[in-house]
Amino acid sequence: EQLEEVQAKKEEAQFEEAEDALNKAIQGIPQLKQLADSLLIDNTPEGLRIQLVDQEGLAMFPSGGSEMYLHTRKVLELVAKVINEMPQQIAISGHTDATKFVNEAGYSNWELSADRANNARRVLKNLHIPEERIARIVSRAATEPLMPEDPTNARNRRLSIVLLRGTSVQTPPAKAVTPPGEQDQTAPREPTQPEAAAKAAPLPEPVQSGIGNEVQK
């Protein structure tokens, strides 16, 4: 029980460092300063939650589309850099606002939010987040609004990435190979160090606005 308490305190410290690093990173890149209000970070019972949120007139995805804008990817690159330095598994969920959306093929907010979450998974994989660290991908549609008093508010459209509490991934120690017929007299090896964090993302290109007057989903 004492060990669990120590581990929990260590994880809280990791979450605090991650939040601080992300906030400093986005403020330190002039091209992304306008997106600071689109990055929400909070510590929840489930874990450290990092959300990429639409602003009015500044969306993370095209209306009805699942391919993120360039500026969304640039923010996700900052998030991936921090995730790479953390040991927890992650969960990704997609959220839409409550504006009704169904095309002729029956494609709705459920499919849209799922596709956006999956697109984020693919981007994170390309940014060196191992596939085994993805615990789940979830489609939420409009069921968990960030602004419940205003269900069509732009800020309800978002990606949520949670570093799951208590899921630290430990790298197992390597096992020495003993030649056949010989007794294994090797001393126990120390656990290998976690994989080095991915190289820092290159300085982002100027932000593409993604700004328009169309109704976003």
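What you are looking at is a predicted structure, and each value in this text was computed from that prediction instead of being measured. (Residues numbered from 1 in each chain as written. Predicted model: local features only at pLDDT ≥ 70, side-chain atom pairs only at ≥ 80, totals over all residues. Heavy atoms only, no water.)

*Asks:* Could you clarify how one ought to interpret the overall build of the protein in this entry?
*Replies:* Across its full length, the protein carries three helices and five strands. Listed N to C, the secondary structure of the protein is α-β-β-α-β-α-β-β in terms of helices and strands. Buried positions account for 40% of the 217 residues belonging to the protein. When the accessible surface of the protein is split by element, carbon and sulfur atoms take 51% of a total near 12400 Å². (Helix = DSSP H or I, 4+ residues; strand = E, 2+ residues; numbered from the N terminus. Buried < 20%, exposed > 50% of the residue type's maximum accessible area, 1.4 Å probe, protein only. Areas by Shrake-Rupley, 256 points an atom, 1.4 Å probe, with all protein chains shown as cover.)

*Asks:* Whenever I open this one, helix 2 (residues 70-84) confuses me. Can you help?
*Replies:* Structural remark: α-helix, 3.6 residues per turn; residues separated by three or four positions point the same way. Along its 15 residues, helix 2 runs 21 Å from first to last C-alpha, staying within 8% of the 21 Å computed at 1.5 Å per residue. When you tally the buried positions in helix 2, you get 12 out of 15 residues, the bulk of the element. All of the buried residues in helix 2 are His-71, Thr-72, Lys-74, Val-75, Leu-76, Glu-77, Leu-78, Val-79, Ala-80, Val-82, Ile-83 and Asn-84. Turning to helix 2, the residues buried within the fold contact helix 1 (2-27), strand 1 (39-43), strand 2 (47-53), strand 3 (90-95), helix 3 (109-126) and strand 5 (158-164). (Expected span 1.5 Å × (residues − 1). Contact = heavy atoms within 4.5 Å.)

*Asks:* Would you mind going over the pattern of salt bridges with me for this structure?
*Replies:* Two side chains bearing opposite charge may form a pair once their charged atoms approach each other closely. On inspection of all chains with the given rule, the structure shows 13 salt bridges. Among the salt bridges present, the one from Lys-9 reaches Glu-5, with a minimum N-O distance of 3.6 Å. Of this pair, Lys-9 and Glu-5 both sit in helix 1, four residues apart, which is roughly one turn of the helix. The network of salt bridges with shared partners includes Asp-54, Asp-97 and Arg-157. (Salt bridge = Lys/Arg side-chain N within 4 Å of Asp/Glu carboxyl O.)

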